[in-house]
Amino acid sequence: MLEIERKFLLDRDPKQLVEEGTIIFLSEQRIEQTYLALDEQQEVRVRRLVDLATDEVNYTHTFKSGNGLMREEIEYSITASIYEQLMSGRKLVPLTKNRITAQWGERVIEIDIYDQIQLTVLEVEFDSEDAALTFVPPAWFGKDISSERQYSNKKVWRDLQNGSLL
């Protein structure tokens, strides 16, 4: 599947956006994300996702290829047992964040609030590259960081392993 998304450096509190009626809260997940392999063009990661309303836990295994606006993504569910086997014996520190899924007008947006660093990122997905390129974000979205690698999850995760964050 082709993932087409733009990312923005949100400098507003998502709760305030909900209170103002700018966005409508849909759900929130707690995410622990660990990379099993990565290089400049590809990544393999696993995630443990907890729905904060229901405490339901899911696990995913994802392969991504490419950088920037458009990337190839293959993601599927795995069992807790497989997740534990993949993580077992590795001394890796997961990247942790809360993900708020919200409705903004006709669009669904995702807001990631990271724990280990001062960073809140808003993501918008698109059906086509043209739609992504012609999209005009509102000012409150903040700076477009779609092409800035220092904000990529894999870069932040790598820094976390080395003990050197943004």
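Note that this is a predicted model, so its numbers are computed, not measured.

Definitions and limits used
Residues numbered from 1 in each chain as written. Predicted model: local features only at pLDDT ≥ 70, side-chain atom pairs only at ≥ 80, totals over all residues. Heavy atoms only, no water. Helix = DSSP H or I, 4+ residues; strand = E, 2+ residues; numbered from the N terminus. Buried < 20%, exposed > 50% of the residue type's maximum accessible area, 1.4 Å probe, protein only. Salt bridge = Lys/Arg side-chain N within 4 Å of Asp/Glu carboxyl O.

Novice: When you look at unusual backbone geometry in this model, what are you seeing that I'm missing?
Specialist: Excluding glycine, residues mostly have negative phi values, and the peptide bonds linking residues are mostly trans. One non-glycine residue, D55, lies in the positive phi region at around 65°. You can see D55 is positioned in the loop between β3 (42–51) and β4 (57–65). The class for D55 is exposed, based on a relative accessible area of 57%.

Novice: It is not clear to me how the pattern of salt bridges should be interpreted in this structure. Could you clarify?
Specialist: Between side chains of opposite charge, a pair can form as their charged atoms come close. Applying the stated rule across the entire model yields 18 salt bridges. Measuring nitrogen to oxygen at the nearest pair gives 2.3 Å for the salt bridge that ties D115 to R30. One end of the pair, D115, is in the loop between β7 (107–114) and β8 (120–125); the other, R30, is in strand β2 (residues 24–38), and 85 residues separate them in sequence. The class of D115 is partly exposed, set by a relative accessible area of 40%. In this structure, R71 engages E43 in a salt bridge whose closest nitrogen and oxygen atoms are separated by 3.5 Å. Of this pair, R71 sits in strand β5 (residues 70–78) while E43 sits in strand β3; the two residues are 28 residues apart in sequence, bridging distant segments of the chain. Pair check on accessibility: R71 and E43 agree, each one buried. Members of the salt-bridge network, linked through shared partners, are E3, E43, K64, R71, E73 and K154.

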